[in-house]
Amino acid sequence: MAQVVTGGLSVENPLFRVYLFYSSVLVLKMLFMSAITGMTRVKIRYDAMPQLEPLRSVIMSFANPEDAVRLKGKVKTDEEVERKRRAHLNDLENIPIFLIVSAAYILTEPSVVFATLLFRAFTIARIVHTLVYAIVVVPQPARGISFGVGLVITAYMAIVSLLYFL
């Protein structure tokens, strides 16, 4: 017979509320990265053609060939844009997995204090990863350490969840 979960994924559970808070922070961070990548792309396009008015500079260079052909522009890439885009892709590879695994981890009834520490550390690690990768480029191992912290936390919660539900 199926077991009904009443406390784990409920707003009555203080840990679930912590999870919702940090999940919201991480989602906003990913949305921020979308916006910052787009704004950087527009800035780079304008900087590359300062003699043109801002609107024309935006519509004259494109990231995708199909857009460039249709509007008679050019496909251009820029390392600053690509660095921000790679940081965003890294978020898209790691944050959704964390959100799923941490929801399962909540159901293992961990210590609220320890789980909160894990959620907080993961969130800080992802923010630091973005800062040292895309905003203020810092040499390695800063990016590797921040990535590793998030990876270890996610792996730990996945293993605990796996063993609990085994």
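Rules of the game
- Residues numbered from 1 in each chain as written.
- Predicted model: local features only at pLDDT ≥ 70, side-chain atom pairs only at ≥ 80, totals over all residues.
- Heavy atoms only, no water.
- Helix = DSSP H or I, 4+ residues; strand = E, 2+ residues; numbered from the N terminus.
- Buried < 20%, exposed > 50% of the residue type's maximum accessible area, 1.4 Å probe, protein only.
- Contact = heavy atoms within 4.5 Å.
- UniProt positions renumbered as here; feature names shortened; annotations may be inferred.
- Salt bridge = Lys/Arg side-chain N within 4 Å of Asp/Glu carboxyl O.
- Expected span 1.5 Å × (residues − 1).
- Phe/Tyr/Trp six-rings, centres within 6.5 Å; stacked < 30°, edge-to-face > 60°.
- Lys NZ or Arg CZ within 6 Å of the ring centre and 35° of its normal.
- Core = buried A, V, L, I, M, F, W, Y, C linked by side-chain atoms within 4.5 Å.

Quick look at the overall build of the protein
Assigned secondary structure in the protein consists of six helices and two strands. Ordered by position in the sequence, the α and β elements of the protein form the string α-α-β-α-β-α-α-α. Burial statistics for the protein: of 166 residues in total, 37% are counted as buried. Put simply, of all contacts in the protein between residues at least 6 apart along the chain, 68% involve residues at least 24 apart.

A closer look at the UniProt feature "transmembrane region" (unreviewed entry) in the protein
Mapped onto this numbering, the UniProt entry annotates "transmembrane region" (unreviewed entry) at residues 19-39, 92-108, 114-138 and 145-165. End C-alpha to end C-alpha, residues 92-108 measures 25 Å, and it is 88% helix and 0% strand. Secondary structure across residues 145-165 divides into 100% helix and 0% strand, with the first and last C-alpha atoms of the span separated by 30 Å.

Details of the pattern of salt bridges
A pair can form between side chains of opposite charge whenever their charged atoms are brought close. Taken as a whole and assessed by the stated rule, the structure comprises four salt bridges. One salt-bridge network, in which partners are shared between bridges, spans Lys-29, Asp-91 and Arg-126.

Details of helix H6 (residues 142-165)
The terminal C-alpha atoms of H6 lie 35 Å apart, and with 24 residues this matches the ideal 34 Å at 1.5 Å per residue to within 8%. Among the residues of H6, those classed as buried are Ser-146, Gly-150, Ile-153, Thr-154, Met-157 and Ser-161. The secondary structure elements touched by the buried residues of H6 are helix H4 (79-106) and helix H5 (112-135).

Things to note about the packing of aromatic side chains
Under the criterion given, the structure shown has eight aromatic pairs. Taken together, a centroid distance of 5.9 Å and an interplanar angle of 90° make the contact between Phe-114 and Tyr-156 edge-to-face. Taken together, the residues span a long stretch of sequence, with Phe-114 in helix H5 and Tyr-156 in helix H6 at a distance of 42 residues. Here Arg-143 stacks its cationic end above the ring of Tyr-133, 4.4 Å away from the centre of that ring.

Some thoughts on the nonpolar core
With 20 residues, the main nonpolar core has Tyr-19, Phe-98, Phe-119 and Met-157 as its most contacted residues. Elements represented by at least two residues in this core include exactly helix H1 (14-48), H4, H5 and H6. Apart from the residues within four sequence positions on either side, Met-157 is in contact with Phe-98, Val-101, Ser-102, Tyr-105, Leu-118 and Phe-119. If you look at the next biggest cluster of nonpolar residues, it comprises five residues, including Met-33, Ile-36, Tyr-133 and Ala-134.

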